[in-house]
Each structure stands twice: as structure tokens, then as C-alpha cells.
Amino acid sequence: MLMEEETCLDCKRPTITVIDHSSGDTICSECGLVLEAHIIEYSEEWRTFASDDNRSDRDPNRVGAPTNPLLKSGNLVTIIEKPKEISVVSKDDLSTLCRAQNQVKNHEEDLIKKAFEEIQRMTDALYLDMVIYSRACEIVSKFDGHANTKLRRGKKLYAVCAASVSMACRELKLSRTLKEIAMVANGVELKDIRKSSMVIKRVLESGQASVSAAQAIINTGELVRRFCSKLDISQREIMAIREAVEKAENFDIRRNPKSVLAAIIFMISHISQTNRRPIREIGIVAEVVENTIKNSVKDMYPYALKIIPNWYACEADIIKRLDGVITSWDSAKISV
């Protein structure tokens, strides 16, 4: 029996309930009311094969894995193995059975199971929620029996897994950059992940699945929290950065979201006299090279007075400090 706390319909207050697994009932420990009957256990099945004569042998034995709705077989398969002891079945008959099973076996499903394990490893390494893992597995399961696309072993399989994790993160509006995912993808390059992302989109489109959420841009607001936390930026600066990012979306700044965010972080911190962050440190955290940040700052400078909140810095300070740093960059470039 397992004890949990629930609200009893008769007692009208939170009470300790008892789950009787033998009858499948959930019972209130206060009044004895059966709150739920015939509950279904979805975990692994365990049985004890000990006889009544041998009561010392009470170790449970695994008799089946939980069903997996993402697999066509439901993970309910028959495995024919060579017997360890002398059997009444001849070797020829056993070989015939093994060959017959191998012919009807879904080898694509074995790769999908391996992909599930790889996705579990990636999501654990990135500290992602179980929801991301479930959605990424659901995306990979679309490859089972697909007419035009099949999974491949090796790095191609890892690339598909990484692309599915990236797409799941974007669908659920949890920003993880491709570089972050590639770091835990067993040496898979970014170009391979991008190619696999295009393949996944075609598979989802052919299955008439909605890909509008998967095509959404990176949630820059969520990146603000993570990047600022790594840079140890104060709460006041974070508020200014968030507001500047929202205002920047109204202007035609032809830079990717990470470059825009890195440039805004540099501009806000550079205006501050006490909490400045080196451009090299910002580049490492945002995964953007220093020259890209500098060019992004130059592109955004004409909009600086409209982007940077006036409660954070006055117009004179914004022009004076940003104009000075841009002039120094241009001077250094000319001298070189």
C-alpha cells in the first residue's frame, strides 16, 4: 500500500489516502470512502515466481516493459534466444525461428529506440524538462515507416536527435541555441543539425502536422534571463535590457536575435559607470564573436535613443558614451 495526501469528497478536507494496489482502490484513511476504483498501473510489471514451499525466494522478476505509444509495436515484442540448457528444440528448428523473426522484425524501430536513449542523454546534459524529452521523442517517432526518409546510424542519427531537441525547445518556447545543443551531440556539427532540421520539417509537413510553432524564432526574452545571470548583471540593468530588446523588435535591424541581444547588453553595461562588462566576456556567454557584436552595435547606434529606456540613462550620456566607444573602434581599425 502507498499513502498519499488528497482531498476527500466526504471529509471535505485534505486527508491521507491509501492506495491498495491489489484491488486498485484509493481509500480515505479517515472515513474509509473509496475515492477512486480500478486504477491502472502504467509502470513496469513485476511478478514473484517463488512457490509457497520456498518462501525465502521473494525477489521480484521483471516480466515486461511498459508500453510505449510512440512505437508501432507498443514495445511489446517477442525475442527468441538460444537456450542455455539442453532443449527439445533442435538447432535447425531454432535457426529457422530466428531467421523468420529477423525477417519480420522492424529494424527501423530499433534505431528509434536508440534515438530515444540519445535524446534522454542530451536533455539530461542540458538540464531540460521531461516535456522537452517527450516532444523530441514524438518528433523522432514520425520517422518510423516514413516512405521518403529513414533513420541512419552514427552521426546522422545523433544529428536528427539534436535537431528534434532543438525543435521541441522552440515549440515549447524554451530557448536553447544550436551551439548549446551541438556541445552535447557527440561531435555533430551545426550544419548537420540544420540539415536534419529541414528533413524533420518535411516529415512533419508530409504527416500534416503543424510546424508553425517549430518555425518560431528564438525567444530572446528567455535568453536575456540566462545570459544576464551568467554575466552577473544587476536587476536594474536586466530591466533596461528587456525593455530595449522589446523596442528593438520595432526597427529593421538585420541581425539574428543573439547578435542583437549581445549588442544591447554591451550598450547598456557600457553606459553604466560601475557595472561594465568586457565585450569579450559578453561574446563568450552569448556565443557571438567580438567583431559581430561591434558591427551590431554600429547598426543599432542610430536607434539607440529610441531603444534604450530614458529612465536608465539620459540622452546626453547615451550619445557621449556610445559615440566614444564606436570612435575608438574605428580609430583602432584605421591604425591597423
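Residues numbered from 1 in each chain as written. Predicted model: local features only at pLDDT ≥ 70, side-chain atom pairs only at ≥ 80, totals over all residues. Heavy atoms only, no water.

An unreviewed UniProt entry annotates the protein chain as Cyclin-like superfamily of Arabidopsis suecica.

### Observations regarding the confidence of the model for the protein chain
When pLDDT is averaged along the protein chain, the result is 75; 69% of the residues meet or exceed 70. Taken as a whole, residues 208–217 scores under 50 in pLDDT and shows 12 contacts with residues more than four places along the chain or in a different chain. (pLDDT = per-residue confidence, 0-100. Contact = heavy atoms within 4.5 Å.)

### Let's talk about the nonpolar core
Ranked by internal contacts, the top residues of the largest apolar core, which has 41 residues, are Ile241, Ile264 and Ile308. Counting only elements with at least two residues in this core, the list comes to α7 (220–231), α8 (235–248), α9 (257–271), α10 (279–286), α11 (290–300), α12 (304–307) and α13 (315–335). The greatest single-element share of this core, amounting to 10 residues, is contributed by α9. Every residue in contact with isoleucine 308, bar those within four places of it in the chain, is listed here: Met267, Ile268, Ile271, Ile318 and Leu322. Counting 35 residues, the second-largest nonpolar core is a separate cluster that includes Ile119, Leu128, Val160 and Leu204. (Core = buried A, V, L, I, M, F, W, Y, C linked by side-chain atoms within 4.5 Å. Buried < 20%, exposed > 50% of the residue type's maximum accessible area, 1.4 Å probe, protein only. Helix = DSSP H or I, 4+ residues; strand = E, 2+ residues; numbered from the N terminus.)

### Section: the side chain of lysine 258
You can see lysine 258 is positioned in helix α9. Judged by its relative accessible area of 13%, lysine 258 falls in the buried class. A distance of 3.3 Å separates a polar atom in the side chain of lysine 258 from a polar atom in the side chain of glutamate 287. (Polar contact = N/O pair within 3.5 Å; in protein donor to acceptor, adjacent residues only side chain to side chain.)

### Looking at the packing of aromatic side chains
This structure, assessed with the given rule, holds 3 aromatic pairs. With a centroid separation of 6.2 Å and an interplanar angle of 90°, the aromatic rings of tryptophan 311 and tyrosine 312 are classed as edge-to-face. We classify tryptophan 311 as partly exposed; its relative accessible area is 37%. The exposure class of tyrosine 312 is buried, given its relative accessible area of 9%. (Phe/Tyr/Trp six-rings, centres within 6.5 Å; stacked < 30°, edge-to-face > 60°.)

### Focus: the pairing of strand β3 (residues 25–28)
Both strand β2 (residues 14–20) and β3 contribute to a ladder of 4 bridges, which runs antiparallel. Across the sheet, valine 18 pairs through a bridge with isoleucine 27, a residue of β3. Counting the residues between successive antiparallel strands, the hairpin from β2 to β3 contains 4 residues, one of them, glycine 24, with a positive phi of roughly 75°. Pairing of β3 with strand β4 (residues 34–36), which is carried by 2 bridges, proceeds in the antiparallel orientation. Residue threonine 26 lies in a different strand from β4, and its bridge partner there is glutamate 36. (Pairing = 2+ DSSP bridges.)

### Describing α8
Here α8 is 14 residues long and its end C-alpha atoms lie 20 Å apart, about the 20 Å a rise of 1.5 Å per residue gives. Listing the buried residues of α8 in full gives Glu237, Ile238, Ala240, Ile241, Ala244, Val245 and Ala248. All buried residues of α8 project into a common sector of 160° when viewed along the axis, lining one side. Residues of α8 that are exposed and angled more than 90 degrees away from the buried face: Gln235 and Glu246. (Expected span 1.5 Å × (residues − 1). Arc of directions from axis to C-beta.)

### Focus: the packing of helix α3 (residues 130–140) against helix α4 (residues 155–171)
Here α3 crosses α4 at 125°, and the two axes come no closer than 8 Å. The angle between α3 and α4 falls in the class oblique. Considering the relative orientation of α3 and α4, their crossing is right-handed. On α4, the residues that touch Ile132, Arg135, Ala136, Ile139 and Val140 of α3 are Val160, Ser164, Val165, Met167, Ala168, Cys169 and Glu171. Each residue belonging to the contact of α3 with α4 can be placed in one class, and the counts come to 9 nonpolar, 1 polar and 2 charged. (Axes fitted to C-alpha atoms, helices over the stretch in contact; angles between N-to-C directions. Parallel < 35°, antiparallel > 145°, perpendicular 65-115°, else oblique. Left-handed = near helix turned anticlockwise from the far one by under 90°. Nonpolar A, V, L, I, M, F, W, Y, C, P; charged D, E, K, R; others polar.)

### Examining the environment of alanine 262
Residue position: alanine 262 is located in helix α9. C-alpha separation for the pair alanine 262 and serine 296, spaced 34 residues apart in sequence, amounts to 8.4 Å. Ignoring any residue separated from it by four or fewer positions in sequence, one finds alanine 262 in contact with Ile282, Ala286 and Ile293.

### Notes on the pattern of salt bridges
Under the counting rule described, the total for this entry stands at 8 salt bridges. The shortest N-O distance in the salt bridge between glutamate 171 and arginine 135 comes to 2.6 Å. Taken together, the residues glutamate 171 in helix α4 and arginine 135 in helix α3 connect sequence positions 36 residues apart. Taking relative accessible area as the criterion, glutamate 171 reaches 17% and is therefore assigned buried. Residue class for arginine 135 comes out buried when judged on its relative accessible area of 16%. (Salt bridge = Lys/Arg side-chain N within 4 Å of Asp/Glu carboxyl O.)

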